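The chain contents come next:
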Amino acid sequence: MNANLLKVHPEVADALAEGRPVVALESTVITHGLPWPKNIETAQGMEDAVREGGAVPATIALINGKICIGLSADDLEFLAQRPEGEVRKCSRRDMPMVMSAKGHGSTTVAATMILAELAGIQFFATGGIGGVHRNSTFDVSADLMELGKTPTTVICSGAKAILDIPNTLEVLETQGVPILGYKCDHLPLFYSPQSDYKIDERVDSADQVAEIVYYRHQLGLKNGTLVAVPVPADKGIPAADIQDTIETALSEADAKGIHGAKITPWLLSRIAELSNNKSMSANIALLKNNGSVAGQIAAAYQRLVN
Ligand code: PSU
Ligand code: MN
């Protein structure tokens, strides 16, 4: 790759060169997931959490057509303040167009995995992955396919209950992506710490995750690994308490004909409104917590390989 296209923040470049742990962070949550100023507070809070966990954070985005691996405080604020429509939500397919137009793009889980891999970053923290949308034969997030072919370890809180969870789990199985339940036996559903879906493997420490990732690497497997971390108990919303809100938001979206890349951001903000922002405080709490767990996992991995 032409090195001029990649702008690696000096702190991240140093950490990578010295073999210190780094955790990638996505930027769609900043531009399309949370409103100003919650988005900037959360983006900074997540970076702090990664540091507390023991790693260097690298938030990833496209700014003026350049791939940025690690953002300065000014870059973060710049992205967080862009008016709607100025930053394109980028999944795998969108990045070349944004680069060609010298535009701005925020990266989804799929795009962040691709760019993290390009930069040599193996661990990535986010809120929730995309999945199979309900009542839709073909709206399957590119996140799921990316997890099948890019060897990034994604630390998240499962997938949102707005999705078709059984079909999402089937696609992940087909793609060869294991789900590790971080101190849990059942899949967390983003806002909700618990569900009825049994998880593939329970893990109880960062070292255990690091070891599983190590063996995946040794086997030469090119797929990703998902680590599912429940939202902290004091901020979680029991699945039964948010189910009606989710159903309402889903039928409103249906009536309005909202679909494609717009549906996830629309549903998130509608659910926040309908829940008097309870869903948003769960969202923020789980993002920070996942940053911290990811920092610990990245640090454990470095200890293991050193
Ligand atoms: N889940 C969230 N918040 C988000 C997203 C997912 O809780 O902001 C974003 C992520 O960037 C994810 C993307 O990768 O939505 C999935 O979108 P789609 O279904 O269009 O692939
Ligand atoms: Mn989609």
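Notes on the structure in this doc start here. (Residues numbered from 1 in each chain as written. Chains lettered and ligands numbered in written order. Predicted model: local features only at pLDDT ≥ 70, side-chain atom pairs only at ≥ 80, totals over all residues. Heavy atoms only, no water.)

**Some thoughts on the pattern of salt bridges**
Applying the stated criterion across every chain yields a total of twelve salt bridges. The salt bridge partner of E247 is R134, with a shortest N-O separation of 3.2 Å. Taken together, the residues span a long stretch of sequence, with E247 in helix α10 (residues 239-256) and R134 in the loop between β7 (123-125) and α7 (142-149) at a distance of 113 residues. Note on E247: relative accessible area 37%, which makes it partly exposed. The partner of R270 in a salt bridge is E273, with the nearest N and O atoms 2.5 Å apart. With R270 and E273 both in helix α11 (residues 263-274) and three residues apart, the pair spans about one turn of that helix. (Salt bridge = Lys/Arg side-chain N within 4 Å of Asp/Glu carboxyl O. Helix = DSSP H or I, 4+ residues; strand = E, 2+ residues; numbered from the N terminus. Buried < 20%, exposed > 50% of the residue type's maximum accessible area, 1.4 Å probe, protein only.)

**Thoughts on the site of ligand 1**
Around ligand 1 lies a shell of 15 residues, among which V109, S141, D143, K160 and F190 are the nearest. Contact with the protein chains hides 94% of the accessible area of ligand 1, taken as 470 Å² for the molecule alone. Of all the secondary-structure elements, those providing two or more residues to the shell around ligand 1 are α2 (28-33) and α11. Tallied by class, residues from the shell around ligand 1 come to five nonpolar, six polar and four charged. (Near = heavy atom within 4 Å. Areas by Shrake-Rupley, 256 points an atom, 1.4 Å probe, with all protein chains shown as cover. Nonpolar A, V, L, I, M, F, W, Y, C, P; charged D, E, K, R; others polar.)

**Some points on the side chain of D94**
Relative to the helices and strands, D94 resides in the loop between β5 (87-90) and α5 (95-100). Within the structure, the side chain of D94 is placed 3.0 Å from the side chain of R88, a separation counted as a polar contact. Those residues within four positions of D94 in sequence are excluded, and the remaining contacts are R88 and K89. (Polar contact = N/O pair within 3.5 Å; in protein donor to acceptor, adjacent residues only side chain to side chain. Contact = heavy atoms within 4.5 Å.)

**With respect to unusual backbone geometry**
With an omega of 0°, the peptide bond running from W36 to P37 counts as cis. As for its position among the elements, P37 is in the loop between α2 and α3 (38-53). Phi at N64 takes a positive value of approximately 50°, unusual for a residue other than glycine. When you line up the elements, N64 lands in the loop between β3 (56-63) and β4 (66-69). Residue N64 is classed as partly exposed on the basis of its relative accessible area, which comes to 47%. Despite not being glycine, N277 shows a phi value in the positive range, around 70°. Among the secondary structure elements, N277 is positioned in the loop between α11 and α12 (278-305). Look at N277 and you get partly exposed, because its relative accessible area is 40%.

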